[in-house]
Amino acid sequence: MLLGACASSASLSAESRPNLLTLSPEQQRILYGSMETAYPVETIRKGTYVRPLPLAVRQISPRWTFDGREQGVEDYMAENRLSGVLVLKDGKILLERYGLGRKPEDRWTSFSVAKSVTSTLVGAAIQDGKIKSLDDVVTNYIPALKGSAYEGVTIRQLLTMSSGVRWNEDYTDPNSDVARAGTAFREPGQNPIVSYMSRLPRANTPGAKFTYNTGETDLVGVLVSTAVGKSLAEYASEKIWGPFGMERDGIWLTDTSGHERGGCCMSMTLRDYARFGLFVLEDGVARGQRILPEGWVKQATTPQIKNGAPPPGYGYFWWMRDDGGYEAVGIFGQSITTFPEDGLIIVTNAAWPTAGGANLYRARDAFVRAAHAAAKGM
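Residues numbered from 1 in each chain as written. Predicted model: local features only at pLDDT ≥ 70, side-chain atom pairs only at ≥ 80, totals over all residues. Heavy atoms only, no water.

Caption draft 1: Geometry of the packing of aromatic side chains. Under the definition given, this model contains 17 aromatic pairs. Judged by centre distance (5.8 Å) and plane angle (55 degrees), the ring pair of W64 and F367 falls under tilted. Pair noted here: W64 is in strand β2 (residues 63-66) and F367 is in helix α11 (residues 358-376), with a separation of 303 residues, a long-range link. The pair W64 / F367 is uniform in exposure class, with both members buried. These aromatic residues form a ring-pair network of at least three members: Y32, W108, F111 and F332. (Phe/Tyr/Trp six-rings, centres within 6.5 Å; stacked < 30°, edge-to-face > 60°. Helix = DSSP H or I, 4+ residues; strand = E, 2+ residues; numbered from the N terminus. Buried < 20%, exposed > 50% of the residue type's maximum accessible area, 1.4 Å probe, protein only.)

Caption draft 2: Region of the structure containing the pattern of salt bridges. In this structure the tally under the stated criterion is 26 salt bridges. A salt bridge links D75 to R63; the nearest nitrogen and oxygen atoms lie 3.9 Å apart. With D75 in helix α2 (residues 73-79) and R63 in strand β2, this residue pair connects regions lying 12 residues apart in the sequence. Given the relative accessible area of 31%, D75 is considered partly exposed. Taking the shortest distance from any N to any O, the salt bridge between E96 and R271 comes out at 2.7 Å. Taken together, the residues span a long stretch of sequence, with E96 in strand β5 (residues 92-98) and R271 in helix α9 (residues 270-281) at a distance of 175 residues. You can call E96 buried: its relative accessible area is 15%. (Salt bridge = Lys/Arg side-chain N within 4 Å of Asp/Glu carboxyl O.)

Caption draft 3: How the structure looks around the sheet that holds strand β8 (residues 266-269). Spatial strand order, β1-β7-β8-β6: 4 strands in an open sheet with antiparallel pairing. Strands with a single pairing partner mark the edges of an open sheet, and in this sheet they are β1 (41-44) and β6 (107-109). In this sheet, neighbouring strand axes are inclined to one another by 25 degrees on average, regardless of whether the strands run parallel or antiparallel. Where strand β7 (residues 250-253) and β8 come together, 2 bridges link them in antiparallel fashion. Paired with I251 across the strands is S267, a residue of β8. (Pairing = 2+ DSSP bridges. Axes fitted to C-alpha atoms, helices over the stretch in contact; angles between N-to-C directions.)

Caption draft 4: Molecular detail of the pairing of strand β14 (residues 344-350). Taking burial as the measure, the 7 residues of β14 include 7 buried ones, the bulk of the element. Side chains L344, I346, T348 and A350 project from β14 onto one buried face, and the interleaved I345, V347 and N349 project onto a second face that is buried too. The pairing of strand β4 (residues 82-89) with β14 spans 7 bridges and is classified as antiparallel. Bridge pairing in β14 links L82 to A350. Alignment of strand β13 (residues 334-339) against β14, held across 5 bridges, turns out to be antiparallel. In the strand pairing of β14, T337 is matched with I346. Here β13 hands over to β14 after 4 residues, with G343 in that stretch at a positive phi of 60 degrees.

The quantities given are spatial measurements derived from coordinates; they are silent on function.
Have a look at this one:
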């Protein structure tokens, strides 16, 4: 099914909505930029202030060699179905390009880039005194998990995906946990993610091993909204969108109970992706107001667990790089890569033909490294 621009998610049952993991290329092109037309969402309201992102006096146009072929930005975008790339240094735009018919004002979905926003909201809740410590047990905030494999698991262990609870993140398997969580069990008054996760068995000792787990990022979203007494969209508006100055309202996909998915699918403009990266790079301070605790960004974006995680390790829903950077990464080609020593942020949005794959990630990394090298000389 392909939905037109005027379609409304309100008119679609959960069963009739397209499966986000199996969209056709044309469905990807349309729906990644208009998630609200097919799926239930909440709005992240912007404020009256917009953080300026001026163009740098000199722009970059990197060229590099990939698999024996010289390549430029336009080649990379066309071959890998990118809807946007943006390179920001010291708050100024060095490179901005669009594809797949996208315009600068158009939003694009994030997939798992949303995880890094969710972990950032944990920091905001700590700064606000709503979460006391990362060493608090999860059941203090989500009592429905008492008696489950999450008994005794801490917030820190959720943030490092090391709860020890068994999980299958196979995007190609319709019976995997990531495909079924949130829809398999419906209990009156119970969040469907919490209901599903409470039934999972333990596979490892908590804190011992990293296992990539989108369900646990959804749990962190439930934990944050419970702690602050607000929806995730409302809290993101209050702590990031408004004070830091996003240019357009964001939207956030919700589960079947109407709760935002902490692990997936907020949508924003290409420049607002860059602004989120800049908010983190600037240590969570917005126009002089400290939103995140001092030292939070350093903790979140440096390795906190290595066993089971790709080298050099994993932070608080942030991936580490071997060249001094950290990044938020989403399937089908979404990323925010930051090189803090260079004041550099590189954003990609795409509609890859598959969720991932070695060649797709290699091609993206080649672009990131080329853009990094070109920007360092500016």
